[in-house]
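For reference, the chains in residue letters:
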Amino acid sequence: MTAYEELLARAQADPDVLGIVLTGSRARDGMATSHSDADVIVVVAEYGGGWTATTHTPELDTIPTSLADLADTSDRWRRYAYRGARVLLDRLDGRVAELVTAQATLHAAERDAWVREELDGYVNFVYRAAKNRRDGRHELARLEEIEAAPWFLWTLFSLYGRVRPYNKYLRWELETFPLPAPWTADHLIPVLADRPSLLFAELETAVRGAGFGDVLDSWGPELELCR
């Protein structure tokens, strides 16, 4: 029996375990390799007993998580771990699955707030890159472009009510759950890796169409340098 199978057997036999969630590459079709471990979230009512500490081995990561922490969506970066995750055990009649889904998606208020925040950040770095290029500081412009990429991704995925993928899963995400044109993996990833500011015009069209044009307009005349 593998370490993963032993963990599942142990967790399923423990009445204190409320749910088991498989995440990481092993949960996402086509992502696992011979180097992939199994990332298993063990949901318990409260920490303690046999489920207290996260453990890591080359074959298995065991991540005890209280029900309260599973319901807590305040850690923005952690939320993508639940995208595409597989609920292997749910002793709460679907509640564990509901909380997993809530982690991986945005409600309307989150979407509005995140788009506004992240879009403003993206424009800021595109503007800084443009100023550096204008002044002949091309290496510094490149650094600003690197900074712009995460803000772009948060903006784009928030716009469609989704959490930003980890870079490792960006192609998988775009091919498994496609976004509207022009946001294909083959279009998006090469430009993001080279010069994210080149995506400004397309993103401007998308955010204005979704009602967020005021964020761009707040930049006034300086916005022209981004185009």
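Chains are numbered independently. Their residues run from 1 in the order of the written sequence. In keeping with the predicted nature of the model, local features appear solely for residues at pLDDT of at least 70, side-chain atom pairs appear and are counted solely at 80 or more, and the whole-chain, interface and lining totals rest on all residues. Heavy atoms throughout the structure, all of them, feed into the side-chain values; hydrogens and water do not.

Novice: Explain the layout of surface pockets here, please?
Specialist: Take a probe with the size of a water molecule and roll it over the atoms, and the empty space left behind shows itself. Think of a 1 Å grid over just the protein atoms. A cavity is a set of points where a 1.4 Å probe fits yet cannot get out, a pocket is an open set with protein on both sides within 12 Å along at least five of seven lines, and lining residues have an atom within 4 Å of a point. Grid points are joined across faces, edges and corners, and a volume is the space filled by probe spheres set on the points. In this model, the largest pocket occupies a volume close to 250 Å³. Counting from the N terminus, the helices are the DSSP runs of H or I reaching at least four residues and the strands are the DSSP runs of E reaching at least two. Elements that contribute at least two residues to the lining of the largest pocket include exactly strand S2 (38–44) and strand S4 (60–66). Taken as a whole, the second largest pocket holds about 180 Å³ of empty space. Considering the residues around the second largest pocket, the lining is formed by Ile 146, Ala 149, Pro 150, Leu 153, Arg 164, Asn 167, Leu 170, Arg 171, Ile 189, Leu 192 and Ala 193. Among the secondary structure elements, those contributing two or more residues to the lining of the second largest pocket are helix H5 (138–159), helix H6 (170–176) and helix H7 (185–194). No other element matches the four residues that H5 contributes to the lining of the second largest pocket. Classifying every residue of the lining of the second largest pocket gives eight nonpolar, one polar and two charged. Each residue is assigned to one of three groups, with Ala, Val, Leu, Ile, Met, Phe, Trp, Tyr, Cys and Pro labelled nonpolar, Asp, Glu, Lys and Arg labelled charged, and all others, Gly among them, labelled polar.

Novice: Hey, could you run me through the pattern of salt bridges in this one?
Specialist: Oppositely charged side chains are able to pair whenever their charged atoms sit close together. Criterion for a salt bridge: a side-chain nitrogen of Lys or Arg within 4 Å of a carboxyl oxygen of Asp or Glu. For the structure shown, the criterion picks out 19 salt bridges. The salt bridge involving Arg 171 is made with Glu 175; its shortest N-O contact spans 3.0 Å. Placement of the pair is Arg 171 and Glu 175 together in helix H6, with a separation of four residues, close to one helical turn. Each of the salt bridges in this network shares a partner with another, and the network as a whole consists of Glu 204, Arg 208, Asp 217, Glu 224 and Arg 227.

Novice: Help me understand unusual backbone geometry in this model?
Specialist: One can expect most non-glycine residues to show negative phi and most peptide bonds to be in trans. A cis amide bond, omega 10°, links Ala 181 with the succeeding residue Pro 182. Its identity is not glycine, yet Asp 93 carries a phi of approximately 55°, on the positive side. Within the element layout of this structure, Asp 93 appears in the loop between strand S5 (86–90) and helix H3 (95–104). Given the relative accessible area of 80%, Asp 93 is considered exposed. When accessible area is computed with a 1.4 Å probe and restricted to protein chains, residues below 20% of their type maximum are described as buried, those above 50% as exposed, and intermediate ones as partly exposed.

Treat this as a map of the structure, not an account of what it does.
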